[in-house]
Amino acid sequence: MSLAKKALEQGEGILRLTPTWVPRSFCVPGRRIKLHPDDYYALGGARGGIDERWFSSTTPAENGPLTSKNEGLSHIAYEDGGKTELFLLKDAIDELGAQIIGSRLWDQYKSWPMYSKFFDNMGPLPHHIHPSDEFGKLTNQNGKPEAYYFPPQLNNHGGDFPYTFFGIAPGTSKEIILDCLKNFNKGDNKITNYSQAFRLQPGTGWDVPPGMLHAPGSLCTYEPQKASDIFAMYQSLVNEAIIPEELLWNATPKNRWGDYELLVEMIDWDLNVNPNLMDNHYMEPKPVSDVNEMHTAGYHENWICYRSHDYSAKELTVLPGQTVTITDSAAYGMIMMQGYGKMGAWDIETPALIRFGQLTHDEYFVSEDAAKAGVKITNMSKTDPIVMLKHFGPRNPDLTVL
């Protein structure tokens, strides 16, 4: 029997995953993702600080020539006879396919087509864009929509700038943005002069379709997204730090570097200048069913990311001392935010501090069969709720709030 089959059998349809840490050379870590203070530069100063943790990822990180092997890819932990073996979630899904993600997704994608992450920066990110599939093809990548949710458990402080710029101010011309891009090497290209910033509120979120300019603020963010790491930085100076020019052309084939008009074409103009950005893209949590019925049963569950067909996410709270069985119609990954207890055959717990390379019991992948059969969760605390975030693939059959 293969390792993948053994692990799926051992976990009764639920796979235990290991922490996947990702650095970004252009970012300063916000130090809220529970990594040990000595380990934020565990990959070396040249790689930059670790400011991201990826979840349920079969997508490699695109971090330039210094990117390490399997960077960004989630691993499964299988324990037998006191020995722990690690292997890629991607390899397990490639081997077992529908046994893990279900026939609906496997037949269409032949892969797990999303992942989620925490990104945790002390300051704001540059104004940047994730191109659509149309432009992603130019570099043999998928386009990328993404969503944000700001977990209260990871946001005791808001960082240096808890505001996000979205889109382009109505009335701005394409020529103005073109000039900003052409001025990328002149210090501050002032592109956010032509945008609008929104204050970020823990416990809420935003939807970011491909082609939308955005400069994420400094709240620690949970970010479900399509399986891609494509991006291009359109802002040249942020927090007094210069952004390398190669990141401007990061989503452009080498033979079109210098084609500023192509960079403007990647912008979904109507989407960006829409004066109702907040109405169309802001997300307040929405209960998945009747609140009184959920509380009587011992839990509360909200949709937290629900405006995209490419992924969705829920926040599940199991009340102190309660045992519940939660059913879903699709496979999902999950990360613990608070509390401890049991989930199926597994212990679940929320670590306070994690060393680089340490294994945990806070992240799992639930197969579609296990999700449909119902996952039994017991909160073993008398006072503290269990809180977990759950990330789903495309066109979740349970998502009816769109």
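Note that the coordinates shown come from a computational prediction; the quantities given were computed from them, not determined experimentally.

About the criteria used
Residues numbered from 1 in each chain as written. Predicted model: local features only at pLDDT ≥ 70, side-chain atom pairs only at ≥ 80, totals over all residues. Heavy atoms only, no water. Helix = DSSP H or I, 4+ residues; strand = E, 2+ residues; numbered from the N terminus. Rg over C-alpha atoms; globule rule 2.2 N^0.38 Å. Contact = heavy atoms within 4.5 Å. Areas by Shrake-Rupley, 256 points an atom, 1.4 Å probe, with all protein chains shown as cover. Salt bridge = Lys/Arg side-chain N within 4 Å of Asp/Glu carboxyl O. Buried < 20%, exposed > 50% of the residue type's maximum accessible area, 1.4 Å probe, protein only. Arc of directions from axis to C-beta. Core = buried A, V, L, I, M, F, W, Y, C linked by side-chain atoms within 4.5 Å. Pairing = 2+ DSSP bridges. Phe/Tyr/Trp six-rings, centres within 6.5 Å; stacked < 30°, edge-to-face > 60°. Lys NZ or Arg CZ within 6 Å of the ring centre and 35° of its normal. Axes fitted to C-alpha atoms, helices over the stretch in contact; angles between N-to-C directions. pLDDT = per-residue confidence, 0-100.

(A) Focus on the overall build of the chain. The helix and strand tally for the chain stands at eleven helices and 28 strands. Relative to its length of 402 residues, the chain is compact, with a C-alpha radius of gyration of 21 Å against a globular reference of 21 Å. Across its three principal directions, the C-alpha atoms of the chain cover 60 × 45 × 45 Å. Sequence separation of 24 or more characterises 76% of the internal contacts of the chain that already satisfy a separation of 6 or more. Counting only carbon and sulfur atoms, one obtains 47% of the accessible surface of the chain, whose full area is about 16200 Å².

(B) Highlighting the pattern of salt bridges. Applying the stated criterion across every chain yields a total of 20 salt bridges. Notably, a salt bridge pairs Arg24 with Asp229, separated by 3.0 Å at the nearest N-O pair. Taken together, the residues span a long stretch of sequence, with Arg24 in the loop between strand E2 (20-23) and strand E3 (50-55) and Asp229 in the loop between strand E14 (225-226) and strand E15 (232-233) at a distance of 205 residues. Of the two residues, Arg24 and Asp229, neither departs from the other in class, the shared state being buried. Between Asp328 and Lys314 there is a salt bridge, with the nearest N and O atoms lying 2.7 Å from each other. Of this pair, Asp328 sits in the loop between strand E22 (323-326) and strand E23 (332-338) while Lys314 sits in strand E21 (residues 312-318), placing them 14 residues apart in sequence. Where salt bridges share partners, they join Arg24, Glu52, Lys117, Glu223 and Asp229 into one cluster.

(C) Region of interest: helix H1 (residues 3-10). Along H1, the residues that are buried comprise Ala4, Ala7 and Leu8. Buried residues of H1, seen end-on, are gathered within an arc of 95° and therefore sit on one face of the element. Buried residues in H1 make contact with strand E1 (14-16), strand E4 (75-80), strand E5 (83-88), helix H2 (89-96) and helix H3 (98-101). At the C-terminal side of H1, Glu12 shows a positive phi close to 50°.

(D) Expanded view of the side chain of Glu368. Secondary-structure assignment places Glu368 in helix H11 (residues 368-373). A residue is classified by how much of its surface remains accessible, and Glu368, at 7% relative accessible area, is buried. What Glu368 contacts, discounting residues up to four positions off in sequence, is Ile100, Ile101, Gly102, Ser103, Ser329, Ala330 and Ala331.

(E) Here's a closer look at the nonpolar core. Grouped together as the largest cluster of nonpolar side chains are 45 residues, with contacts concentrated most on Ile100, Tyr222 and Phe365. No other element matches H2, which puts four residues into this core. Leaving out residues up to four positions away in the same chain, Phe365 has contacts with Gly13, Ile14, Leu15, Leu17, Ser56, Leu89, Ile100, Ile101, Trp112, Ala331, Tyr332 and Gly333. Of all hydrophobic cores here, the second largest spans 29 residues; its members include Phe135, Tyr260, Val264 and Val273.

(F) Region of the structure containing the sheet that holds strand E26 (residues 363-366). Spatially, seven strands are ordered E1-E26-E23-E28-E21-E20-E19 in an open sheet, and the strand pairing comes out antiparallel. In this open sheet, the two edge strands, each paired with only one partner strand, are E1 and strand E19 (286-287). Pairing geometry for strand E20 (residues 299-305) and E21, over six bridges, is antiparallel. Bridge pairing in E21 places Glu301 opposite Leu316.

(G) View of the packing of aromatic side chains. Taken as a whole, this structure holds 15 aromatic pairs when the rule is applied. Relative to Trp206, the ring of Phe198 lies with its centre 5.0 Å away and its plane at 50°, an arrangement referred to as tilted. Arranged with centres 6.5 Å apart and planes meeting at 55°, the rings of Trp303 and Phe392 form a pair that is tilted. With Trp303 in strand E20 and Phe392 in strand E28 (residues 386-392), the pair connects residues that are 89 residues apart, well separated along the chain. In this pair, the class of Trp303 matches that of Phe392, namely buried. Through successive ring pairs, a cluster of aromatic residues spans Phe166, Phe198, Trp206 and Tyr282. Note that Lys314 overlies the ring of Trp303, its terminal NZ or CZ placed 4.7 Å from the centroid. Across the ring face of Tyr332, the terminal group of Lys390 is positioned such that the distance to the ring centre comes to 4.7 Å.

(H) Main features of the sheet that holds E22. A sheet is described by the order of its strands in space; here four strands give the open sequence E22-E27-E24-E25, paired in antiparallel fashion. This sheet does not close on itself; its edge strands, each paired only once, are E22 and strand E25 (346-349). When strand polarity is set aside, the average angle formed by the axes of neighbouring strands in this sheet is 25°. Across four bridges, the pairing between strand E24 (residues 340-343) and E25 is antiparallel. Residue pairing in the sheet places Tyr340 in a bridge with Glu349 of E25.

(I) Expanded view of the environment of Phe161. Structurally, Phe161 can be placed in the loop between strand E8 (146-149) and strand E9 (163-166). The exposure class assigned to Phe161 is partly exposed, which follows from its relative accessible area of 29%. When the C-alpha positions of Phe161 and Gly123 are compared, they lie 5.8 Å apart, and in sequence the two are 38 residues distant. Once you skip the residues sitting within four places of it in the chain, Phe161 turns out to touch Met122, Pro124, Gly217 and Ser218.

(J) Here's a closer look at helix H6 (residues 174-182). Along H6, the residues classified as buried are Ile177, Leu178, Cys180 and Leu181. Summarising the axial view, the buried residues of H6 lie within an arc of 155°, below the 170-degree limit, and thus occupy one face. The inward-facing, buried residues of H6 abut helix H7 (260-265) and helix H8 (269-272).

(K) Structural detail: the confidence of the model for the chain. For the chain, per-residue confidence averages 96 on the pLDDT scale, and residues scoring 70 or more make up 100% of the total. Averaged over each element, pLDDT in the chain is lowest for strand E17 (residues 241-242) (92) and highest for E28 (99).

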